[in-house]
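Chain by chain, the residues:
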Amino acid sequence: GAVVSQHPSRVICKSGTSVKIECRSLDFQATTMFWYRQFPKQSLMLMATSNEGSKATYEQGVEKDKFLINHASLTLSTLTVTSAHPEDSSFYICSAGEGGTDTQYFGPGTRLTVL
Amino acid sequence: KQEVTQIPAALSVPEGENLVLNCSFTDSAIYNLQWFRQDPGKGLTSLLLIQSSQREQTSGRLNASLDKSSGRSTLYIAASQPGDSATYLCAVGGRGNEKLTFGTGTRLTIIP
């Protein structure tokens, strides 16, 4: 089956630094990638939708200047959390949609802890 | 705005019992509905995908039903095992890889 990877799986950083998370579709081309965040014991909330070669569409309440998304190729999307603060600590999960299908494949997630 | 609710939020049952998890959604104009499993600190594992034109899907001990008109879906787990302990999430989706709206999740514990 289709595989989506995320790197890193876990990151701890100091407040004020920027953190980049990668999401890769390993064996298929992903025309659309989604970024979700999940706070402890809560469900997944969509942050943004990115389409290859175009600007990401952010959900209401998500700061686009703080959460920079780049989808430069059909197999890679990156989420950069700029000037991270402790309240940004969360579990970030990406998913990738294979072109021409209705299926989304989810990555294993990245645990971000901001000290 | 689509809202997805899952009841109960948590459930504990003895091993071997059959159980039902519930999912409801407010906007019936969905394209599909999925059930996922999430283990603590891990990503999502897709269990079953039901297209809006379908009534149910089965995989092993799992059976998911969909009543689109009433905005409800159920996940039936037969002969539960301790390894079934996890959080179960349902999500409704639009056409062609549109965004998924997730439910609040049910945390399931199977007691050996």
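So, a few notes on the structure that sits alongside this text. (Residues numbered from 1 in each chain as written. Chains lettered and ligands numbered in written order. Predicted model: local features only at pLDDT ≥ 70, side-chain atom pairs only at ≥ 80, totals over all residues. Heavy atoms only, no water.)

### Things to note about the overall build of chain B
Inference 1: The number of helices and strands found in chain B is zero helices and 11 strands.
Inference 2: Ordered by position from the N terminus, the helices and strands of chain B form the series β-β-β-β-β-β-β-β-β-β-β.
Inference 3: Along the three orthogonal principal directions, the C-alpha set of chain B runs to about 40 × 30 × 20 Å.
Inference 4: Looking at chain B as a whole, 42% of its 112 residues qualify as buried.
Inference 5: Taking as baseline every contact in chain B between residues at least 6 positions apart, the subset at least 24 positions apart corresponds to 55%.
Inference 6: As displayed, chain B offers around 5,400 Å² of accessible surface, 47% of which is attributable to carbon and sulfur atoms.
Inference 7: Between the averaged position of the 10 positive side-chain charges in chain B and that of its 9 negative side-chain charges there is a distance of 5 Å. (Helix = DSSP H or I, 4+ residues; strand = E, 2+ residues; numbered from the N terminus. Buried < 20%, exposed > 50% of the residue type's maximum accessible area, 1.4 Å probe, protein only. Contact = heavy atoms within 4.5 Å. Areas by Shrake-Rupley, 256 points an atom, 1.4 Å probe, with all protein chains shown as cover. Lys, Arg positive; Asp, Glu negative; His and termini not counted. Charge placed at Lys NZ, Arg CZ, Asp CG, Glu CD.)

### What to know about the sheet that holds strand β8 (residues 76–81) of chain A
Two modes of strand pairing occur in sheets, parallel and antiparallel, and in both the strands are linked by backbone hydrogen bonds.
Residues and elements named next belong to chain A.
Inference 1: The strand order β1-β3-β8-β7 describes an open sheet built from four strands, whose pairing is antiparallel. Both edges of this open sheet fall to β1 (4–7) and β7 (67–73), since each of them pairs with a single strand only. Adjacent strand axes in the sheet meet at a mean angle of 15 degrees, parallel and antiparallel pairs treated alike.
Inference 2: Examined bridge by bridge, β7 and β8 share five bridges and lie antiparallel to one another. From the neighbouring strand, Leu68 faces β8, where its bridge partner is Thr80. (Pairing = 2+ DSSP bridges. Axes fitted to C-alpha atoms, helices over the stretch in contact; angles between N-to-C directions.)

### Points about the interface of chain B and chain A
Inference 1: Facing the 20 residues of chain B at the interface are 20 residues of chain A.
Inference 2: In total, chain B and chain A occlude about 1,500 Å² of area from one another, counting both sides; carbon and sulfur atoms represent 49% of this.
Inference 3: Our count for the contact surface shared by chain B and chain A stands at one salt bridge.
Inference 4: The salt bridge partner of A:Glu59 is B:Lys99, with a shortest N-O separation of 2.8 Å.
Inference 5: The interface formed by chain B and chain A holds four residue pairs in polar contact (both at pLDDT 80 or more) in total.
Inference 6: For the side of chain B that touches chain A, the secondary structure elements donating two or more residues are β4 (32–38), β5 (44–51) and β10 (100–102) of chain B.
Inference 7: Broken down by class, the residue content of the side of chain B that touches chain A amounts to seven nonpolar, nine polar and four charged. (Buried area = accessible area lost by both parts, 1.4 Å probe. Salt bridge = Lys/Arg side-chain N within 4 Å of Asp/Glu carboxyl O. Polar contact = N/O pair within 3.5 Å; in protein donor to acceptor, adjacent residues only side chain to side chain. Nonpolar A, V, L, I, M, F, W, Y, C, P; charged D, E, K, R; others polar.)

### Quick notes on unusual backbone geometry
The phi torsion of most residues other than glycine is negative, and most of the peptide bonds are trans.
Inference 1: The omega torsion across A:His7 and A:Pro8 is 0 degrees, close enough to zero to call that bond cis.
Inference 2: Of note, the amide linkage connecting B:Ile7 to B:Pro8 takes the cis form, showing an omega dihedral of 0 degrees.
Inference 3: Within the secondary structure, B:Pro8 sits in the loop between β1 (4–7) and β2 (10–14).
Inference 4: A positive phi angle, near 45 degrees, is found at B:Ala79, a position not held by glycine.
Inference 5: Position of B:Ala79 among the secondary structure elements: in the loop between β8 (72–77) and β9 (86–93).
Inference 6: We classify B:Ala79 as partly exposed; its relative accessible area is 37%.

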